[in-house]
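For reference, the chains in residue letters:
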Amino acid sequence: MNTNGIKVRMNNSTLVQEPNKEVKISVRDLDLFYGEKQALYSISLDIHENEVTALIGPSGCGKSTFLRTLNRMNDLIDGVKITGNIMIDQEDIYKSTDVINLRTKVGMVFQKANLFPMSIYDNVAYGPRMQGIKNKQELNEIVESSLRGAAIWDEVKDRLKHSALGLSGGQQQRICIARAIAMKPDIILMDEPTSALDPISTLKVEELIEKMKKDYTIVIVTHNMQQAARVSDKTAFFLSGEVVEYDVTGKIFSMPSDQRTEDYITGRFG
Amino acid sequence: MPRQTVEIKKSNKRKYMLEKLSSRLFQFCALLSVISLLLIVGFVFYKGSLPFLVDGYSFFDFLFGVDWVPSEEKFGILPMIVASIYATIGALVIGVPIGLFTAIFLAEIAPKRAAKLISPAVQLLAGIPSVLYGVFGLALIVPFLQNQLNLVKGQSLIAVILVLAIMMLPTIVTVAETAIRAVPKTYREGSLALGASEIETIFKVVVPSAKSGIMAAIVLGLGRAIGETMAVILVAGNSLILPTSLTDSVRPLTTNIALEMGYAFGTHQEMLFATGIVLFSFILILNFVLAKISAKGGK
Amino acid sequence: MRKQKDKLYRTLLWGSAFLTVAILVMIVGYIFFKGYRLISFDFIFGDYSPAGGGGIWPMIITTIYTIVISLLIATPIGICAAVYMQEYAKQGRLVNLIRFATESLTGIPSIIYGLFGAVFFVTTLKLGMSIIAASLTLTIIVLPVIIRTTEESLKTVPHSYREGSLALGTTKLQTLYKVILPSAMPGILSGIILSIGRIVGESAAIFLTAGTVAAMPSSIFSSARTLTVHSFLVTQESGDIELASAVGIVLIVIILVLNLSATFISKKLNKADF
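Note that the coordinates shown come from a computational prediction; the quantities given were computed from them, not determined experimentally.

Quick look at the overall build of chain A now. Tallying secondary structure elements over chain A gives 11 helices and 10 strands in all. A compact globule built from 270 residues would reach a C-alpha radius of gyration of about 18 Å, and chain A, at 19 Å, matches this within 12%. Expressed as lengths along the three principal axes of its C-alpha atoms, the size of chain A is roughly 60 × 40 × 40 Å. For chain A, buried positions account for 56% of its 270 residues. Put simply, 68% of the contacts in chain A that link residues at least 6 apart link residues at least 24 apart. Of the accessible surface of chain A, which amounts to about 11,600 Å², a share of 49% is contributed by carbon and sulfur atoms. Side chains of chain A give 33 positive and 36 negative charges; the mean places of these two sets differ by 4 Å.

Have a look at this one:
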């Protein structure tokens, strides 16, 4: 192994040093293969607690793939192979076989709202129920607090028993966030959560992310660079399966240290 | 860095166990169809090969013998093979063109309202028990043939052919119509824009594009005709002679099995299984030939 | 020249369609006019009498028995098998083998099923000519139908439902029975309806496994005859076309109701999808 190479990458600041912040997720030398094809190349980065970390980069750069390694959603795809470590709270998530426990701790919101064909209430209560919570009172409390947490309680409180599929796209996406919150996770992963939404709904979701930061560690994949600049504390720029640059968001957008980052954020490609 | 192994949460252990159990159960259920197939093929082939492998009957005499007299241990099924082949080919020749033309008509030419009325009706007829086609054949087609052709007995090869052709119609029409409707509109527009007439477009562009679906329709219709037993018993006459004309009374392979299985035992019963093997092979060959034809048409 | 050819084809198309419709109308019309005089309350709900004039209640009961028993067995197995194929199995040799077996079973003619049932269920398993032997044979006949329709409807359940559920820390099994199967239910139901149609229409396999006893079955181990077999036997044995047609009317009505409910369900399915 070329130790020199690692050093160079570290100097290239894929690891941001912040002594007074807790590291929540720590990724080291992560490689990912779809069969023969390698999709991620030795990713190493630390994600800090109660921050919003944005992953940006052109389509197919591996940012979504990387996001999905954090709650092991890639396990669903045949032939995915992963090497390296991902530590969450000092536990290697690929060492444990308890995926259920991992996914209750790491929630996820998808690109397109994927509510189930049930009522709003049942959607939000779905996760807790599957964990064995049956007490009606307790469920009611979880549903209300989750919907409040997703800033949609006032909009839907009168029609909790109505089908969730009757809501607007933006509302549905916020219910998805409520559904994730209902599991009381530490971390919430968001995979381009606003790409299917209109500007007003997008703004609402962004405000929500801002508010949620104090309770959760959020990792968000986004296509929209203004969004990354608006909501995130740190930004990682992915290109062809590698992290080119990872730093404080302000720095990435004002004075990126890598030419390719600059080219991307100034819109020269992607 | 020392790698920690993380314990599975206690409350989740049961879930993982259920997960494993259920996936095994699902797999077993899926394997049941393999087991069923093996059992069926195994039983029929085992039973059917006994007379030849153990009792020393000649397989050649079985296939090419013209006498079937179980009480005298004579088991020749050539008349039945010939009857089955004639009946199938006859039904194909009549049923396929009419069925396909009807499907094309319904999908392409028919006024919308007419198609909306006829298609579901045809679909309904694809579902009614085939015995009823036999009842209809015996009540109407058989006397008709008897009178028109001056036969001693109206039950004949031609009656079988007509009943099977009629029975195939709804299946062929339904499946082929769906296939033709699935051809994208743009194909038609492209052809019409080049100055082809509607009829030319249908036969040169639409029908060839729906070829695989049409082939499936023929295979399905054929499968229904060739395996049909009870309706055929009613109109075939069931005589054990080598058919030489359309008006001969015949006994196809399937009816032979159904007619005699009730009282057959010993070698006689095993010979009925052997008849089943021949029927099986017959179907395999037909499917193979049809697949070849459609593959050739593809080039 | 070209116009004439067009005209010829047009005539052939109209002619074929006319012929098809005429034949089919004739069949249904004939059966209806031959049989409707016999249809009465006593005919449907009365006991059979060999002397004539009796009803078909025992055959209706026998038919219902065969439907219920074979579906009770085939539905869970078929759904589980389809779930395995769509949700669990990795593409490979095993899946190909199972798929090949399922397709082959579809192509086997019912007389062969009858042969098999007559030896395996009736003789080897010592069930005798009975409703249960026939129902087990029918189970194998409809199994591929249920597997195929269930697989098709599982395919239509959006992948995002699975992801959404699993990402909430649920197991595959929980996801399956809380989200996937409920969404696939209309498709599964229409598969079941299709199977009922197949069972009702089946004759050869039942003829060889359930026998022909024309009386109310005392249990599922009794020999009995279904409606279709009854219609066949009265035609073959006594040439009683009127009675056969009356039974035929009942059968056609059953198939009509099944078709209508299948259409209804698939319409509902389309509406439920957003």
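Residues and elements named next belong to chain C. Two elements in contact, helix 5 (residues 110-124) and helix 6 (residues 131-156), have axes separated by 9 Å at closest approach and are oriented at 130°. Judged by the inter-axis angle, helix 5 sits oblique to helix 6. In this structure, helix 5 crosses over helix 6, and the sense of that crossing is right-handed. Packed against helix 5, whose contacting residues are Y113, F116, G117, F121 and V122, the element helix 6 presents A133, L136, T137, I140 and I141 at the interface. Across the contact of helix 5 with helix 6, the residue classes tally to 8 nonpolar, 2 polar and no charged.

Residue and element names in this part refer to chain B. Within the secondary structure layout, D248 lies in the loop between helix 10 (230-236) and helix 11 (253-261). One buried charged residue, D248, forms no salt bridge at all, with the nearest opposite charge on K153 at 11 Å. When sequence neighbours within four positions are dropped, the list of residues in contact with D248 reads S156, L157, I241, L242 and P243.

One pass over the full model with this rule turns up 27 aromatic pairs over all chains. Seen in terms of ring centroids, B:F43 and C:F116 are 5.8 Å apart; in terms of plane orientation they differ by 75°. Their pairing is edge-to-face. With one member in each of two chains, B:F43 in helix 1 (residues 10-53) and C:F116 in helix 5 form a pair that bridges those chains. We note that B:F43, like C:F116, is buried. On the basis of an interplanar angle of 90° and a centroid distance of 6.2 Å, the ring pair of C:F33 and C:Y36 is categorised as edge-to-face. You can call C:F33 exposed: its relative accessible area is 56%.

Now for the pattern of salt bridges. On inspection of all chains with the given rule, the structure shows 28 salt bridges over all chains. With a shortest N-O distance of 3.7 Å, A:R68 and A:D191 are connected by a salt bridge. Within this pair, whereas A:R68 is found in helix 2 (residues 63-69), its partner A:D191 is found in strand 7 (residues 187-191), the two being separated by 123 residues in sequence. Judged by its relative accessible area of 15%, A:R68 is buried. Under the relative-accessibility criterion, A:D191 is labelled buried at 5%. For C:R10, the salt bridge goes to B:E198, with nearest N and O atoms at 2.8 Å. Pair noted here: C:R10 is in helix 1 (residues 2-35) and B:E198 is in helix 8 (residues 198-209), and the two residues belong to different chains. Of the residues examined, B:E198 reaches a relative accessible area of 36% and is grouped as partly exposed. Here the salt bridges do not stand alone but share partners, grouping A:K24, A:E49, A:D89, A:K105 and A:D186 into one network.

This part takes up the pairing of strand 2 (residues 37-48) of chain A. All names here are of chain A. In the sheet, strand 1 (residues 23-34) pairs with strand 2 via 8 bridges, with the strands oriented antiparallel. Bridge pairing in strand 2 places V27 opposite L45. Where strand 1 hands over to strand 2, the hairpin turn is made up of 2 residues, of which G35 adopts a positive phi near 65°.

All names here are of chain A. A sheet is described by the order of its strands in space; here 4 strands give the open sequence 2-1-4-5, paired in antiparallel fashion. Each edge of the open sheet carries a strand with a single partner, namely strand 2 and strand 5 (91-92). As paired elements, strand 4 (residues 80-88) and strand 5 share 2 bridges and run antiparallel to each other. Paired with I88 across the bridge in strand 5 is E91.

The next thing to look at is a positive patch on the surface. On the surface, a cluster of positive charge is made up of B:K112, B:K116, B:K185 and C:K267. Among the secondary structure elements, C:K267 is positioned in helix 11 (residues 241-272).

Let us look at the interface of chain B and chain C. How big an interface is tends to be stated in terms of the accessible area lost upon association of its parts. The interface is formed by 71 residues belonging to chain B together with 73 residues belonging to chain C. When the buried area of chain B at its contact with chain C is split by residue, B:F26, B:I40 and B:M230 rank highest and sum to 10% of it. Joining chain B to chain C, the criterion identifies 1 salt bridge. Where chain B meets chain C, there are 8 residue pairs in polar contact (both at pLDDT 80 or more). It is helix 1 of chain B that contributes the most residues to the side of chain B that touches chain C, 20 residues altogether. Residue classes in the side of chain B that touches chain C are distributed as 51 nonpolar, 15 polar and 5 charged.

Residues and elements named next belong to chain A. Judged by pairing direction, the sheet is mixed, and its 6 strands sit side by side in the order 6-7-8-3-9-10 without closing on themselves. Strands at the two margins of the open sheet, each flanked by one partner only, are strand 6 (106-109) and strand 10 (242-248). Pairs of neighbouring strands in the sheet enclose a mean axial angle of 15°, with direction left out of account.

On to the nonpolar core, then. Ranked by internal contacts, the top residues of the largest apolar core, which has 244 residues, are A:L147, A:I175, A:I177, A:M190, A:M212, B:F62 and B:I77. Looking at this core, the element that brings in the most residues is helix 6 (residues 157-181) of chain B, giving 17 residues. For B:F62, the residues in contact, after removing those within four places along its chain, are B:F52, B:F75, B:G76, B:I77, B:L78, B:M271, B:A274, B:T275 and B:V278. Core analysis: the second largest hydrophobic core is formed by 31 residues, A:V27, A:A39, A:V221 and A:F238 among them.

For the rest of this paragraph, the subject is unusual backbone geometry. With a phi close to 50°, A:S240 is a non-glycine residue in the positive phi region. Take A:S240: it is sitting in the loop between strand 9 (234-239) and strand 10. Given a relative accessible area of 51%, A:S240 falls into the exposed group. Despite not being glycine, B:N238 shows a phi value in the positive range, around 65°. Within the secondary structure, B:N238 is located in the loop between helix 10 and helix 11.

Each value, and the rule that gives it
Residues numbered from 1 in each chain as written. Chains lettered and ligands numbered in written order. Predicted model: local features only at pLDDT ≥ 70, side-chain atom pairs only at ≥ 80, totals over all residues. Heavy atoms only, no water. Helix = DSSP H or I, 4+ residues; strand = E, 2+ residues; numbered from the N terminus. Rg over C-alpha atoms; globule rule 2.2 N^0.38 Å. Buried < 20%, exposed > 50% of the residue type's maximum accessible area, 1.4 Å probe, protein only. Contact = heavy atoms within 4.5 Å. Areas by Shrake-Rupley, 256 points an atom, 1.4 Å probe, with all protein chains shown as cover. Lys, Arg positive; Asp, Glu negative; His and termini not counted. Charge placed at Lys NZ, Arg CZ, Asp CG, Glu CD. Axes fitted to C-alpha atoms, helices over the stretch in contact; angles between N-to-C directions. Parallel < 35°, antiparallel > 145°, perpendicular 65-115°, else oblique. Left-handed = near helix turned anticlockwise from the far one by under 90°. Nonpolar A, V, L, I, M, F, W, Y, C, P; charged D, E, K, R; others polar. Salt bridge = Lys/Arg side-chain N within 4 Å of Asp/Glu carboxyl O. Phe/Tyr/Trp six-rings, centres within 6.5 Å; stacked < 30°, edge-to-face > 60°. Pairing = 2+ DSSP bridges. Patch = residues over 30% accessible without salt bridge, like charges linked within 9 Å, V, L, I, M, F, W, Y side chains within 5 Å. Buried area = accessible area lost by both parts, 1.4 Å probe. Polar contact = N/O pair within 3.5 Å; in protein donor to acceptor, adjacent residues only side chain to side chain. Core = buried A, V, L, I, M, F, W, Y, C linked by side-chain atoms within 4.5 Å.

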